[in-house]
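# A look at the structure
Single-letter residue listing:
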Amino acid sequence: MYLDDIENDVIDLAIYTKGSKGQIVALKGLCEHIIVKKKVNDFYNSITQEQIDEIHSKGKLTPLEAVQLWESYDLCVEGNKGILSKNRCEYFNLNCHDCLMESASHELEHDNIDFKLVKSITDEQGPVLNKTRK
């Protein structure tokens, strides 16, 4: 999704060497990380104060505010640190902040979730999942 408009100078950062016949050797993982990092930074740098004001007028959070909220509750994009999140955690080298920043960059505005309210509701209802095996 990020390859639509990457400048050549950014791609050049990932080139490891060039062969005598012009072939390029680049590390795939490094290319991916450079592209993702650049696109995420471009996204956050493109948000204007007018957009922030409009997001706040709707009672929503900016992507950066969403990341701060998620971090304050120690949340993971996948919901847990199990098998499902293994690839994403490996990709971001267990750097939760970078992972959350990338995830939040997929939308310009995020719902403001009151996690204290969610916790009190689930405490009243009891466990969501019940043990079925003995």
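Above this text you will find the structure in question.
Attention here is on the structure that accompanies the text. (Residues numbered from 1 in each chain as written. Predicted model: local features only at pLDDT ≥ 70, side-chain atom pairs only at ≥ 80, totals over all residues. Heavy atoms only, no water.)

Quick look at the pattern of salt bridges now. Counting across every chain of the model gives six salt bridges. The residue Asp42 makes a salt bridge to Lys38 at a minimum N-O spacing of 3.0 Å. Of this pair, Asp42 and Lys38 both sit in helix 2 (residues 28-46), four residues apart, which is roughly one turn of that helix. Judged by its relative accessible area of 32%, Asp42 falls in the partly exposed class. Of the residues examined, Lys38 reaches a relative accessible area of 24% and is grouped as partly exposed. Here Lys58 and Glu54 are joined by a salt bridge, their closest N and O atoms 3.8 Å apart. Residue class for Lys58 comes out partly exposed when judged on its relative accessible area of 46%. (Salt bridge = Lys/Arg side-chain N within 4 Å of Asp/Glu carboxyl O. Helix = DSSP H or I, 4+ residues; strand = E, 2+ residues; numbered from the N terminus. Buried < 20%, exposed > 50% of the residue type's maximum accessible area, 1.4 Å probe, protein only.)

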